[in-house]
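Each chain is listed here by its residues.
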Amino acid sequence: FSLYMDILLIVLAIVLYIGGILGCVIPALPGPPLAFIAMLLSKWSGYIDLSTTSLIIFGLTTIAVTIIDFWLTPWMTKRFGGSKAGNWGAMIGLVAGLFLPFPIGALLGPFVGAFVGELLFNRSETSIAFTAALGAFLSFFVGTGLKLLACISMIVYSIFKLLGEFKYKLVYIAEKSLNLQSHL
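The rules behind these values
- Residues numbered from 1 in each chain as written.
- Predicted model: local features only at pLDDT ≥ 70, side-chain atom pairs only at ≥ 80, totals over all residues.
- Heavy atoms only, no water.
- Phe/Tyr/Trp six-rings, centres within 6.5 Å; stacked < 30°, edge-to-face > 60°.
- Helix = DSSP H or I, 4+ residues; strand = E, 2+ residues; numbered from the N terminus.
- Salt bridge = Lys/Arg side-chain N within 4 Å of Asp/Glu carboxyl O.

Trainee: Teacher, can you tell me more about the packing of aromatic side chains here?
Mentor: Under the defined criterion, the tally for this structure stands at 3 aromatic pairs. Between the aromatic rings of F58 and Y157, the centroid separation amounts to 5.4 Å while the plane-to-plane angle is 50°, which identifies the pairing as tilted. Taken together, the residues span a long stretch of sequence, with F58 in helix 3 (residues 52–79) and Y157 in helix 6 (residues 126–183) at a distance of 99 residues. With centroids separated by 5.6 Å and ring planes inclined at 85°, the aromatic side chains of F111 and F130 adopt a geometry described as edge-to-face. Highlighted residues: F111 in helix 5 (residues 104–121) and F130 in helix 6, separated in sequence by 19 residues.

Trainee: Would you mind showing me how to read the pattern of salt bridges here?
Mentor: Side-chain pairing between opposite charges can occur once the charged atoms of the two side chains come close. Summed over all chains, the structure comprises 1 salt bridge. Across the salt bridge formed by D69 and K147, the nearest N and O atoms sit 3.3 Å from each other. Of this pair, D69 sits in helix 3 while K147 sits in helix 6, and the two are 78 residues apart along the sequence.

Structure (structure tokens):
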């Protein structure tokens, strides 16, 4: 029973690692939290020895990146001269972009949303609306980069730990076989 459970945990972890990477570019999927759950499943499988310290560090990183990504679009839109209407427009555009083909929707949704929000509600100049939309557009790239960095770090760390476990097991098997041969 334990072997089947370990295999199930590893398969779920792999699926969640893939979902984590996809979640970095698809706004509806929480990329870093999925990758962190994959780390926990990897640890519980018993095949990867992840320390409590590393799990705490990656857990805090996941929380920080998720919070930063949530607030980044409104902050950058405002930083680039946008208003609350531009912030709301960027958020609505991000959600509306989910229904367009990828990556067009994800790239253009926040930009178009912030632009339209500024023009409709504040009746601001086109140049101000364009600058605010540019802030929303850049925030998508910064947020995606942070999420990818966090997810790839979790995956690479887990792979190195897994390879380290296999290395020690292979050395152990090699030593056992050499000891058996020396007794013959």
